[in-house]
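Working through the structure, step by step
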Amino acid sequence: MISAWGRADGRKGIRNVIAVAYLVECAHHVARRIVDKVDDPDVHLIGFPGCFPNSYADTVMKAIATHPNVGALVIVSLGCESFNREGLAAAVAASGRPAETLVIQQTGGTAATIAAGLEAVARVKAIADAGPRVPMAVSELIVGTICGGSDGTSGITANPAVGGVFDRLVAEGATCIFEETGELVGCENIMADRALTPELGAELIASVRKAEHYYTVLGFGSFAPGNAEGGLTTQEEKSMGAYSKSGSSLISGIVKPGDVPPSPGLYMLDVVPDGEPRFGFPNISDNAEIVELIACGAHLTLFTTGRGSVVGSAISPVLKICANPETARKLAGDMDVNAGRILDGEATLAEVSDEIYARMVAVAQGARSVSEELGHREFILTYKQFEPVGPACLPRRAA
């Protein structure tokens, strides 16, 4: 059983993060200095750099600010950006969390706002820390997965090991989210065969074809030189390896960034914007996708890597599962689980799945992931555009 933080909106968090959010790049420095001066591992920096309004950014910021792992929010606004700071503050207040807003142009500039920010963090943190602790079952977790820096070992060790964890979690009544449609090209039909309904299967195929069109227009897909150097030969091979993270359970639905799955089960997160390409690459780095998983409620993320990645994330812990035994030795200090032991003949796929599951539960119970211990709190949010999912994407809710 997990000792979680109970929120006024009924949700349960495995962390009690105080988020300091900047609403435009012009406020980034001030917000970062507030976080740096507080120097607390549970005070995290998040933000949106753009000055022009964007409904996707607004949706994601509200979802992150009211995430179950977030106990309170301090907003840092320059004062003339287009982001709706009042709307963000109202969403947080409606969730029962404390929130304070600082407007640099009104507070007196950099130094004055940093000083005011330190006081604001102290006030909201005291309220959040006094919040109730409640029991939480593993079945109440929302768990995301992503792969980054994939190589020829990823689809053999770490990814299918995570797939085994997902199958176990789904069987236990938890909620699991996999992505990304741009790395599922070639897998759309076998993925559709696992859909809860034929209509959902058609939506899964359509989402992958949308991603394929998007990348074709851009002239660049998700297959990178580093993947080839690591032994991957085709987009299809990479896709099959990435797909194996989803396991073999029935797929219950499709969500888009900011959508929290309405019921337990396995969901695919569609991260490629709707409509014709307008904002460049769908995600400029793995951390952008982690943010979107968190916006969908993920309490933590299982991150597989073959070539090696050292990133973590603000708000929700990231667990690193290394696919390649050589990489695991070189980057041992950045990995939670060495799935490369499968290739070395030191462990079976099932044993590594059990190890990942146990490590995940320990982190949910309060143990720090390696990336947390190292101070990784990356956060990226850019421009995108999405339409709401249709009823076929969430057949259980439609029923």
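Just so you know, these numbers come straight off a predicted model, no measurement behind them.

Focus on the sheet that holds strand β11 (residues 265-269)
- In space, the seven strands of this open sheet follow the order β10-β11-β9-β8-β12-β13-β14, with parallel pairing throughout. Edge positions in the sheet fall to β10 (251-255) and β14 (337-338), since each of these pairs with one other strand and no more.
- Alignment of strand β9 (residues 175-178) against β11, held across four bridges, turns out to be parallel. Residue pairing for β11: T175 is matched across the bridge by G265.
- Strands β8 (142-147), β12 (300-305), β13 (318-322) and β14 of the sheet are contacted by helix α13 (residues 349-364), whose axis makes an angle of about 145 degrees with β12.

Re the nonpolar core
- Counting residues in hydrophobic clusters, the biggest one holds 93 residues, and the most contacted among them are L169, L302 and M360.
- What M360 contacts, discounting residues up to four positions off in sequence, is L141, V143, L169, L300, L302 and L319.
- Counting residues in hydrophobic clusters, the runner-up holds 23 residues, among them A27, L45, V121 and A128.

A closer look at the packing of helix α6 (residues 158-171) against α13
- One way to put it is that α6 packs onto α13 with a least axis distance of 8 Å and a crossing angle of 60 degrees. On the basis of their axis angle, the class for α6 and α13 is oblique. Relative to α13, α6 is oriented so that their crossing is right-handed. On the side of α6, the interface is formed by P160, A161, V162, G164, V165, R168 and L169, while α13 contributes L349, V352, S353, D354, I356, Y357 and M360.
- Classifying every residue of the contact of α6 with α13 by side-chain character gives 10 nonpolar, two polar and two charged.

Quick notes on the packing of aromatic side chains
- By the definition in use, this model includes four aromatic pairs.
- Between F48 and Y383, the ring centres sit 5.1 Å apart and the planes meet at 70 degrees, which makes this aromatic pair edge-to-face. Separated by 335 residues along the polypeptide, F48 in the loop between β4 (43-47) and α2 (55-65) and Y383 in the loop between α14 (370-373) and α15 (395-398) bring together distant segments of the chain.
- By relative accessible area, which is 2% here, F48 ends up buried.
- The class of Y383 is partly exposed, set by a relative accessible area of 23%.

Quick look at unusual backbone geometry
- In this structure, E180 follows E179 across a cis peptide bond, with omega equal to 10 degrees.
- Relative to the assigned elements, E180 resides in the loop between β9 and α7 (188-192).
- Of note in this structure, D39 is not a glycine but carries a positive phi near 50 degrees.
- Here D39 is to be found in the loop between α1 (28-38) and β4.
- With a phi close to 75 degrees, I315 is a non-glycine residue in the positive phi region.
- Counting through the fold element by element, I315 comes out in the loop between β12 and β13.
- Under the relative-accessibility criterion, I315 is labelled buried at 2%.

Rules of the game
Each chain has its residues counted from 1, running along the sequence as written. Owing to the predicted nature of the model, reporting of local features is limited to residues with pLDDT of at least 70; listing and counting of side-chain atom pairs is limited to 80 or more, with chain, interface and lining totals taken over all residues. To get the side-chain values, all heavy atoms of the structure are used, and hydrogens and water are removed first. Here a strand pair is declared whenever DSSP counts at least two bridges between the two strands. Helical segments are the DSSP runs of H or I of at least four residues, strand segments are the runs of E of at least two, and each set is numbered from the N terminus. By the convention used here, residues are in contact when the closest approach between their heavy atoms is within 4.5 Å. Helix axes are fitted to C-alpha atoms over the stretch in contact, other axes to C-alpha atoms as well, and angles between N-to-C directions run from 0 to 180 degrees. By nonpolar core is meant a set of buried Ala, Val, Leu, Ile, Met, Phe, Trp, Tyr and Cys residues that side-chain atoms within 4.5 Å join together. We call a residue buried when its accessible area falls under 20% of the maximum for its residue type, exposed when it is over 50%, and partly exposed in between, using a 1.4 Å probe and counting protein chains only. Every angle not falling under 35 degrees, over 145, or within 65 to 115 is termed oblique; those three ranges are roughly parallel, roughly antiparallel and roughly perpendicular. Crossing handedness: left-handed means the near helix sits turned counterclockwise from the far one by under a right angle, and right-handed means the same turn made clockwise. Three categories are distinguished: nonpolar for Ala, Val, Leu, Ile, Met, Phe, Trp, Tyr, Cys and Pro, charged for Asp, Glu, Lys and Arg, and polar for the others, with Gly belonging to the last. Think of it this way: a Phe, Tyr or Trp ring, Trp meaning its six-membered ring, pairs with another when their centres are within 6.5 Å, and the plane angle makes it stacked under 30 degrees, edge-to-face over 60, tilted otherwise.

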